[in-house]
Amino acid sequence: MASLTIRRLAGSRAWNSPLARPLTRNMASAPARRRAIETIPSTPIKILRTVDALRMWRRPQLLDHRIVSLVPTMGALHEGHLSLIRAAARESHHVVVSIYLNPAQFGIKEDLASYPVTWDVDCKILAALDRELADDGGNLGRISAVFAPTTGEMYPSGFPGQEVDSKGSFVVMTPVSELLEGRTRPTFFRGVATVCMKLFNIVQPEKVYFGQKDVQQTVVIRKMVRDFMLPIDVVVGQTSREPDGLALSSRNVYLGERRRKVATVLSRALQAAEKQYLSGVLDRESVLAAANSVAADTLNEQMALSPAQRVRYEVDYISLADPSTMEEITEIDPVVGGILSGAIKMLPVESPQPGEDLGHSGGPAVRLIDNIILKPSA
C-alpha cells in the first residue's frame, strides 16, 4: 500500500498539493488551453479528461474558498446517481461527477467487458439535470465538470491487473474488505478504495457522495477517510428504488423481462427480516430466518414452473452485521442497530423463448445486492 502524507493548509480544508502551489507551467499557452476546453453540448459543464486539466480547473475554486463536491460513478447513470448529484448541488458551489469504468474493481471473470457504457446518454442526462438545477433556486451550485479519465491517466505506472496477486500501488482496507462482498469478489474493495483515493487526491473535494445501496462500500470509504485523516465529509444518500422495491443499479439492464419480475426477492427477504426487528425481535436466528424463508419459498415456487417460465437464482449471503465494521452479530443491540444485507446471483434464463427480452448483452448471470439499515430503537 502506498504511503500517504496529507497536510491541511492554515485556515483551509485544502491539502498540500499542486493545487495549493504556484503553477510552473508556461502560462503563454493558457488562453489556448482555455479555448480548447470540451463541454457537454448546450451546457457550461466542462469535460475534463486529464489530471492536469482537472487541477487547473480546481485551483481557482480553492483560492476563492468555493465548496467542491465529488460524485464518483462508473457511468450508466440512473436516478440513484441523480439523487446524489442533487444533494451535492444543494450543499456545494461546484459539483464534479466522475465517469470512469475502473477495471481494478472487477475480477478477471466478472462483467467488465459487458458492463453498460452509455457516454452519450449520460451526457444528455447530466445536461437535463443541470437545467433542472438551474431552475431550482434552492441549490448552492450546479454541475461544473465531468471528470472522464482514461485508465492510462488513472494508473500512470501502468494498470496493475485484476488478479488477486497483482502487484502495484493499492489501498487495502482490512478486515472489512474481506467480509461479505469481499469473500466473493476478493479484488473489489481493493479496486474501489484505490480508485477513490486517486479521485480524492485529484479532485480534492470537501464532500463526496455515495449511495447506501453499496453499504459495505460506504463503510470501506468512511474507514479510509478516517484512517488516512482525509479532510473530506462522506455523505451517504438513501437507496433509490423502483416502485416495486428493486434497488436501482446499472446492472439491472442485464435482467430482461422474466428475471426482472423475480428480482425483487432480495428486497422482500430483507423487508421480512426488518419486520421482525421492528416488532422487537433481536436475536440473529429469528431475524434472518424470516429473510431466508422468503428467499427459499420464492425459489421453490419458481422451480415448480417449467424451464420456459421459471427463473433460477442462487443466494450468496444474507447478513446481519454491525453497522460500523460489517462483522456478523448474534444479537442486535437496540442502541446501535445493525445492517441487513444480501446478495443473490440471477442465473441466465434456462430456456429462452422466441423473441424474449433477455436483457443487455444477452442476459448473463447478474449479481444483485441490497441492504436495509436497522436504526437504533433505544
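Scoring rules and cut-offs
- Residues numbered from 1 in each chain as written.
- Predicted model: local features only at pLDDT ≥ 70, side-chain atom pairs only at ≥ 80, totals over all residues.
- Heavy atoms only, no water.
- Phe/Tyr/Trp six-rings, centres within 6.5 Å; stacked < 30°, edge-to-face > 60°.
- Buried < 20%, exposed > 50% of the residue type's maximum accessible area, 1.4 Å probe, protein only.
- Helix = DSSP H or I, 4+ residues; strand = E, 2+ residues; numbered from the N terminus.
- Polar contact = N/O pair within 3.5 Å; in protein donor to acceptor, adjacent residues only side chain to side chain.
- Contact = heavy atoms within 4.5 Å.
- Pairing = 2+ DSSP bridges.
- Axes fitted to C-alpha atoms, helices over the stretch in contact; angles between N-to-C directions.
- Patch = residues over 30% accessible without salt bridge, like charges linked within 9 Å, V, L, I, M, F, W, Y side chains within 5 Å.
- Areas by Shrake-Rupley, 256 points an atom, 1.4 Å probe, with all protein chains shown as cover.
- Salt bridge = Lys/Arg side-chain N within 4 Å of Asp/Glu carboxyl O.
- Lys, Arg positive; Asp, Glu negative; His and termini not counted.
- Charge placed at Lys NZ, Arg CZ, Asp CG, Glu CD.
- Parallel < 35°, antiparallel > 145°, perpendicular 65-115°, else oblique.
- Nonpolar A, V, L, I, M, F, W, Y, C, P; charged D, E, K, R; others polar.
- Expected span 1.5 Å × (residues − 1).

(A) Broad picture of the packing of aromatic side chains. In this structure the tally under the stated criterion is three aromatic pairs. With a centroid separation of 5.7 Å and an interplanar angle of 80 degrees, the aromatic rings of F106 and Y115 are classed as edge-to-face. Each member of the pair, F106 as well as Y115, carries the same accessibility label: buried. Ring geometry for Y155 against F159: centres 5.3 Å apart, planes inclined by 85 degrees, an arrangement best described as edge-to-face.

(B) Fine view of the side chain of R310. The residue R310 is located in the loop between α11 (284–303) and β8 (313–321) in this model. Here the side chain of R310 touches M303 through a polar contact of 3.5 Å, landing on its backbone oxygen. At 2.7 Å, the side chain of R310 forms a polar contact with the side chain of E350.

(C) Just the environment of L340, in detail. Along the chain, L340 turns up in strand β9 (residues 338–346). Linking L340 and L270, residues 70 residues apart in sequence, is a C-alpha distance of 6.6 Å. Setting aside chain neighbours within four positions, we find L340 in contact with L270, A273, E274, V287, L288, S319, L320, D370, N371, I372 and L374.

(D) Examining the sheet that holds strand β7 (residues 233–237) more closely. Pairing within the open sheet is mixed, and its seven strands lie in the order β1-β2-β5-β4-β3-β6-β7. The outermost strands of the open sheet, each flanked by one partner alone, are β1 (38–39) and β7. Of the strand pairs in this sheet, strand β4 (residues 94–99) and strand β5 (residues 142–147) are connected by five bridges, and their pairing is parallel. Bridged to V96 within β5 is A145. Relative to the sheet, helix α4 (residues 119–135) contacts β2 (46–48), β4 and β5, its axis offset from that of β5 by approximately 160 degrees.

(E) Highlighting a negative patch on the surface. On the surface, D283, E285, E331 and D333 cluster together into a patch of negative charge. By the secondary structure assignment, E331 is in the loop between β8 and β9.

(F) The arrangement of the packing of helix α2 (residues 51–63) against helix α7 (residues 188–203) in detail. At a minimum axis separation of 9 Å, α2 and α7 run at an interaxial angle of 45 degrees. Judged by the angle between their axes, α2 and α7 are oblique. Residue-level contacts link V51, L54, R55 and R58 of α2 to N201, I202 and V203 of α7. For the contact of α2 with α7, a count of residues per class yields four nonpolar, one polar and two charged.

(G) Broad picture of the sheet that holds β9. Pairing is antiparallel across the open sheet formed by three strands, whose spatial order is β8-β9-β10. The sheet is open, and its two borders are formed by β8 and β10 (366–374), each paired with just one other strand. Within this sheet the neighbouring strands show an average axis-to-axis angle of 10 degrees, counted without direction. In the sheet, β8 pairs with β9 via eight bridges, with the strands oriented antiparallel. Each residue of the ladder has a partner; that of Y317, found in β9, is A343. Along the sheet, helix α10 (residues 265–278) contacts β8, β9 and β10; its crossing angle with β10, the most-contacted strand, is approximately 20 degrees. Taken strand by strand, α11 contacts β8 and β9, and its axis lies near 165 degrees from that of β8.

(H) Structural context of α2. Spanning 13 residues, α2 covers 18 Å between terminal C-alpha atoms, matching the ideal 18 Å at 1.5 Å per step. Inspection of α2 places V51, L54, W57, R58, Q61 and L62 among the buried residues, and these make up the whole buried set. On its buried side, α2 packs onto β2, β3 (68–73), β4, β5, α5 (151–154) and α7. Immediately downstream of α2, the backbone of H65 shows phi near 60 degrees, a positive value.

(I) View of the environment of Y209. Here Y209 is to be found in strand β6 (residues 207–211). What makes Y209 buried here is its relative accessible area of 1%. Taking the C-alpha atoms as reference, Y209 lies 7.7 Å from S69; in sequence the two are 140 residues apart. With residues up to four places along the chain from it excluded, the contact list for Y209 reads S69, L70, V71, P72, L84, A87, A88, E91, S92 and V235. Here the side chain of Y209 touches E91 through a polar contact of 2.4 Å, side chain to side chain.

(J) Region of interest: α10. Taking 1.5 Å per residue, 14 residues should reach 20 Å; α10 reaches 20 Å between its end C-alpha atoms and fits that length. Residues of α10 that are buried: V265, L266, S267, A269, L270, A272, A273 and Y277. On its buried face, α10 is in contact with α9 (256–262), α11, β8, β9 and β10. Note on α10: the residue one or two positions beyond its end, G280, has a positive phi of about 105 degrees.

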